[in-house]
Amino acid sequence: MQDLAGKTVLITGAAGTVGTACAQVFLDKGARLVLTDRVAPSSDLTANPNVHFQPADVTDGAAVEAAYHATLGRFGPIDAAVLAAGVEGPVALVEEITEVDFDRVIAVNVKGCLFWMQACLRDMKPRGAGSIVALSSISGVVGSASLGAYTLSKHAVIGLVRAAALEAGGHGVRVNALCPGPIDSDMMRRLDKALSDRDPQRARGQADAARALPLQRYVSAQEVARMAAFLCSDDSGSCHGGTYMVDGGFTAR
């Protein structure tokens with residue numbers, strides 16, 4: 001199941017928690033990887049002969065296009081892409097969000113997704129094959145108080161995925177959104193503290209928001225990566241234009 005042997009997979013945000021987990025899971029499934037981020041992932045990954053690292057800033061459209069084409073000489077055409085680059089943005093009420101903070105979140109989470117998706121589609125559609133998985137969030141389908149900029153950006157990612165799916169399906173290219181819940185990570189611990197400081201009754205007054213999820217635990221980055229691997233594999237051949245939750249039951253409420 002979910003055999004990726006012989007496939008070349010692009011992963012953006014590769015130095016982050018989810019990007020690194022995706023790289024590890026995809027390597028285990030036999031894929032060759034093109035990793036990209038502003039900083040290099042761990043040497044444990046980049047030293048692997050089946051991994052190529054290409055630095056790029058997702059907010060620079062020209063740099064993204066150049067980076068995409070620079071990768072083609074290493075392993076050939078990209079068969080699938082996981083667009084995992086993202087930032088959480090400020091913890092602030094809507095009326096407190098500064099223009100600088102807002103622009104940064106949109107630049108990374110929305111424009112960065114758009115630029116890499118454009119590069120993939122320009123290459124995949126003429127070839128008649130490919131799978132693109134864009135990381136949204138539970139905040140892409142429900143509201144998140146004090147995370148207005150992030151929530152807006154992740155809703156936008158889902159809208160972009162749906163539009164691209166309608167356009168790309170006839171060319172044999174699949175496009176889907178993956179929506180993780182709170183992930184067990186240092187970033188989530190920081191958010192837990194900042195959000196609970198603002199609202200002591202958040203997550204029913206529990207400092208660890210994982211206890212408020214139906215599964216009573218955080219989502220692991222590896223669980224998100226395994227879902228991404230499924231969506232990139234031939235096993236998900238009819239999954240297209242979808243929004244796939246890995247959220248411990250959060251959105252079942």
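Above this text sits the structure in question.
So, the overall build of the chain: which residues are in play, and what are the values?
Counting its regular elements, the chain contains seven helices and seven strands. What you see for the chain is a C-alpha radius of gyration of 18 Å, in line with the 18 Å of a compact globule of 253 residues. Each principal axis of the C-alpha atoms in the chain carries an extent, and together these give about 50 × 40 × 40 Å. Counting every position in the chain, which comprises 253 residues, the buried fraction comes to 51%. Residue pairs in contact within the chain that sit at least 24 positions apart in sequence constitute 68% of those at least 6 positions apart. Carbon together with sulfur atoms contributes 53% to the accessible area of the chain, which is approximately 11100 Å² in total.

Could you give an account of the pattern of salt bridges, with specific residues and numbers?
Proximity of charged atoms lets side chains of opposite charge pair with each other. For the structure shown, the criterion picks out eight salt bridges. The closest approach of N and O atoms between Lys7 and Asp234, which form a salt bridge, is 3.4 Å. Here Lys7 is found in the segment before strand S1 (8-12), whereas its partner Asp234 is found in the loop between helix H7 (221-232) and strand S7 (243-246), with 227 residues between them in sequence. Residue class for Asp234 comes out exposed when judged on its relative accessible area of 61%. One salt bridge in this structure joins Glu65 and Arg122, with 2.8 Å as the shortest N-O distance. Of this pair, Glu65 sits in helix H3 (residues 61-75) while Arg122 sits in helix H4 (residues 99-127), placing them 57 residues apart in sequence.

Which residues make up the side chain of Asp247, and what are the values?
On the secondary structure map, Asp247 appears in the segment after S7. An unpaired buried charge is present at Asp247: no salt bridge exists, and Arg253, the closest side chain of opposite charge, is 8.9 Å distant. Within the local environment of Asp247, its side chain forms a polar contact with the backbone nitrogen of Gly249, the two atoms lying 3.0 Å apart. Among the polar contacts made by the side chain of Asp247, one reaches the side chain of Thr251 at a distance of 2.6 Å. With near-sequence residues (within four places) excluded, Asp247 lies in contact with Ile138, Gly181, Leu213 and Val219.

Which residues make up the environment of Cys22, and what values go with them?
Note that Cys22 resides in helix H1 (residues 17-28). For Cys22, a relative accessible area of 0% corresponds to the buried category. For the pair Cys22 and Ala221, spaced 199 residues apart in sequence, the C-alpha to C-alpha distance is 8.0 Å.

Outline unusual backbone geometry, listing residues and values.
Most peptide bonds take the trans form, and the phi angle of most residues other than glycine is negative. Positive phi values are uncommon outside glycine, yet Ser146 reaches one of about 70°. Locating Ser146 in the fold gives a position in the loop between strand S5 (130-135) and helix H5 (148-168). Phi angles above zero are rare outside glycine, and Gln216 is one such case at about 65°. Residue placement: Gln216 occurs in the loop between helix H6 (186-198) and H7.

Could you give me a rundown of the packing of H4 against H5, with the residues and numbers involved?
At a minimum axis separation of 9 Å, H4 and H5 run at an interaxial angle of 15°. Judged by the inter-axis angle, H4 sits roughly parallel to H5. H4 and H5 meet at a crossing whose hand is right-handed. The segment H4 lies against H5, with Phe102, Val105, Ile106, Asn109, Val110, Cys113, Leu114, Met117, Leu121 and Lys125 engaging Ala149, Tyr150, Leu152, Ser153, Lys154, Ala156, Val157, Leu160, Val161, Ala164, Glu167 and Ala168. Within the contact of H4 with H5, the residues separate by chemical class into 17 nonpolar, two polar and three charged.

Could you give an account of the sheet that holds S1, with specific residues and numbers?
Taking strand neighbours across the sheet as the criterion, the seven strands line up as S3-S2-S1-S4-S5-S6-S7 in an open arrangement whose pairing is parallel. Of all strands in the sheet, those with a lone pairing partner are strand S3 (51-53) and S7, marking the two edges. Across the sheet, the mean angle from the axis of one strand to that of its neighbour is 20°, orientation sign disregarded. Both strand S2 (residues 32-36) and S3 contribute to a ladder of three bridges, which runs parallel. Within S3, the position partnered with Leu33 by the bridge is Val51. Each of S1, S2 and S3 is contacted by H3, which is oriented at about 155° to S3, the strand it contacts most. Helix-sheet contacts for H5 involve S5, strand S6 (173-180) and S7, and the interaxial angle to S6 is about 160°.

Each value, and the rule that gives it
- Residues numbered from 1 in each chain as written.
- Predicted model: local features only at pLDDT ≥ 70, side-chain atom pairs only at ≥ 80, totals over all residues.
- Heavy atoms only, no water.
- Helix = DSSP H or I, 4+ residues; strand = E, 2+ residues; numbered from the N terminus.
- Rg over C-alpha atoms; globule rule 2.2 N^0.38 Å.
- Buried < 20%, exposed > 50% of the residue type's maximum accessible area, 1.4 Å probe, protein only.
- Contact = heavy atoms within 4.5 Å.
- Areas by Shrake-Rupley, 256 points an atom, 1.4 Å probe, with all protein chains shown as cover.
- Salt bridge = Lys/Arg side-chain N within 4 Å of Asp/Glu carboxyl O.
- Lys, Arg positive; Asp, Glu negative; His and termini not counted.
- Polar contact = N/O pair within 3.5 Å; in protein donor to acceptor, adjacent residues only side chain to side chain.
- Axes fitted to C-alpha atoms, helices over the stretch in contact; angles between N-to-C directions.
- Parallel < 35°, antiparallel > 145°, perpendicular 65-115°, else oblique.
- Left-handed = near helix turned anticlockwise from the far one by under 90°.
- Nonpolar A, V, L, I, M, F, W, Y, C, P; charged D, E, K, R; others polar.
- Pairing = 2+ DSSP bridges.

By themselves, these figures tell us nothing about what the structure is for.
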